[in-house]
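Each chain, written out:
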Amino acid sequence: MNINWGVDIIDFVDIPNALTCARCKKDGLSKQDLKRCGGCRAAMYCSRDCQREDWPSHRPLCRPGSVDTGAQAVGYQASMSLANAVRDWANVHRETVSTMVHALVRSAGGVERVLKDEEGVFICLRSLQRVFDNPATALEITSLSLLNKHVRSEPIFVQWEEPQKSYRESLAASHARKNTNPRRAGMIPVTYVVEGTDLVVHSQETLYRPHFHASDCPVDELTAAAFKDILSLCIRSVSTGLVLRASSGSDSVVPDAGYMVRQKKTWEWKRSEDPTALMLALINSDDVPRHTSLSITQLWALWKIW
Ligand SMILES: [Zn+2]
Ligand SMILES: [Zn+2]
């Protein structure tokens, strides 16, 4: 894998109340305050001036052909349209991504330790043939890992170190400004790469301390194994286009599951009638390695009490 940090880093921050100008990095703007680049619909700016100033560096990413990051080889016109697909995918699957990141971090020693040791999440994606442009099925996860100090000294990740460092500093500053929820422990950088391309997309995930547990990581074998099952289930559900949302009813521990459905110009999430049955079918398929024999409800119940 050849990661070219010079031109391919595209920061995106697309969570409510945290919208940021791609040029001056002013944040806390609302969607109405920001103007999207008409070319890629991905880069967002606080003003025309910022957009104009950013154009020389944005142009190669926005327009096809000027910089080859391999986006065309995986079915996209330009780097920015692939970055856009990654952003939309991450946004649609935000509940799943958050669950996976927490399962990974807790399994690796917990939120506080991972933040203290400045680790980051690395998610490798593969571009799938896009079915009617459904944002949920544009990509699938091929690997998910935590980048710790040991891994980061490997040659492939040395280049990763510098941009992550400055990104982490801006995340810490942003976190300090906005932190009002006592469970919010900090923000972890999440780096996406797309197989077969040089594209690197930076994102972030808010890390939360456990609700009910004094210890921040599983101390018994069953819980540790259950977290692995949660991870497998999440990765598998993403590949099949299943989109999870936090459970709406207080009586169910299983997250709501559904699919993205085309509504005229946009895609909307539609809840399935029986999320538990959908997940049961997934987890019983042969390509999902199981680490426990817990039922779907037991798995999510165990997850929820964290
Ligand atoms: Zn600006
Ligand atoms: Zn653009």
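- If you check an unreviewed UniProt entry, the protein chain appears there as MYND-type domain-containing protein from Dichomitus squalens.

### Section: the coordination of the zinc ion (ligand 1)
1) Next: Around the zinc ion (ligand 1), the protein contributes the donor atoms Cys21 (SG), Cys24 (SG), Cys46 (SG) and Cys50 (SG), at 2.3 to 2.4 Å from the metal centre.
2) Next: Here the donor residues of the zinc ion (ligand 1) share one chain and are spaced in sequence as C-x2-C-x21-C-x3-C.

### Quick word on unusual backbone geometry
1) Next: Its identity is not glycine, yet Glu118 carries a phi of approximately 55 degrees, on the positive side.
2) Next: Its place among the elements puts Glu118 in the loop between helix 5 (111-116) and strand 4 (120-127).
3) Next: Phi at Lys264 takes a positive value of approximately 45 degrees, unusual for a residue other than glycine.

### Description of helix 4 (residues 94-107)
1) Next: A rise of 1.5 Å per residue sets the reference length of helix 4, with its 14 residues, at 20 Å; its end C-alpha atoms lie 20 Å apart and thus fit the reference within 8%.
2) Next: Among the 14 residues of helix 4, 11 are classified as buried, and the element is accordingly described as predominantly covered.

### Notes on the packing of aromatic side chains
1) Next: Inspection of every chain in the model, using the stated rule, returns 3 aromatic pairs.
2) Next: Measuring from centroid to centroid gives 5.0 Å for Phe227 and Trp303, while their planes differ by 75 degrees, and the two rings are edge-to-face. With Phe227 in helix 8 (residues 221-239) and Trp303 in helix 10 (residues 296-304), this pair connects stretches of sequence that are 76 residues apart.
3) Next: For Phe227, a relative accessible area of 1% corresponds to the buried category.
4) Next: Judged by relative accessible area, which is 13%, Trp303 ranks as buried.
5) Next: A connected cluster of aromatic rings, assembled from ring pairs, spans Phe227, Trp303 and Trp306.

### Side note on the nonpolar core
1) Next: Of all hydrophobic cores here, the largest spans 54 residues; its most connected members are Trp89, Val121, Tyr192 and Trp300.
2) Next: Take this core: its biggest share by element is 7 residues, from helix 8.
3) Next: In this structure Val121 touches Val101, Leu104, Leu144, Ser145, Leu146, Ile188, Pro189, Val190 and Thr191, once residues within four positions along its chain are discounted.
4) Next: Counting residues in hydrophobic clusters, the runner-up holds 14 residues, among them Leu29, Cys37, Tyr45 and Cys46.

### Things to note about the environment of Met260
1) Next: Position of Met260 relative to the elements: it lies in strand 9 (residues 256-263).
2) Next: Judged by relative accessible area, which is 9%, Met260 ranks as buried.
3) Next: Through-space distance from the C-alpha of Met260 to that of Pro135 is 7.8 Å; in sequence the pair is 125 residues apart.
4) Next: For Met260, the contacting residues outside a window of four places in its chain are Val92, Asn134, Ala136, Val243, Trp267, Glu268 and Trp269.

Reading the values: the criteria
- Per chain, residue numbering runs from 1 following the sequence as it is written.
- Chain labels run from A onward and ligand labels from 1 onward, assigned in the order the entries are written.
- Two thresholds apply to this predicted model, a pLDDT of at least 70 for residue-level local features and 80 or more for giving and counting side-chain atom pairs, whereas whole-chain, interface and lining totals are computed over all residues.
- With hydrogens and water excluded, all non-hydrogen atoms of the structure serve as input to the side-chain values.
- Water is not among the atoms examined, so metal sites may look incomplete; donors are the N, O and S atoms within 2.8 Å of the metal, or within 3.2 Å for Na, K and Ca.
- Elements are defined by DSSP. Helices are runs of H or I of four residues or more, strands are runs of E of two residues or more, and each kind is numbered from the N terminus.
- Given a helix with a known number of residues, its expected span is that number minus one, times 1.5 Å.
- Only protein chains enter the area calculation, which uses a 1.4 Å probe; residues under 20% of their type maximum are buried, those over 50% are exposed, and those in between are partly exposed.
- Working definition: a ring pair exists when centres of Phe, Tyr or Trp rings (six-membered ring for Trp) sit within 6.5 Å. Plane angles under 30 degrees give stacked, over 60 give edge-to-face, the rest tilted.
- Throughout, nonpolar core names a set of buried Ala, Val, Leu, Ile, Met, Phe, Trp, Tyr and Cys residues whose side chains join them through atoms within 4.5 Å.
- Note on contacts: a residue pair is in contact if any heavy atoms of the two residues lie within 4.5 Å.

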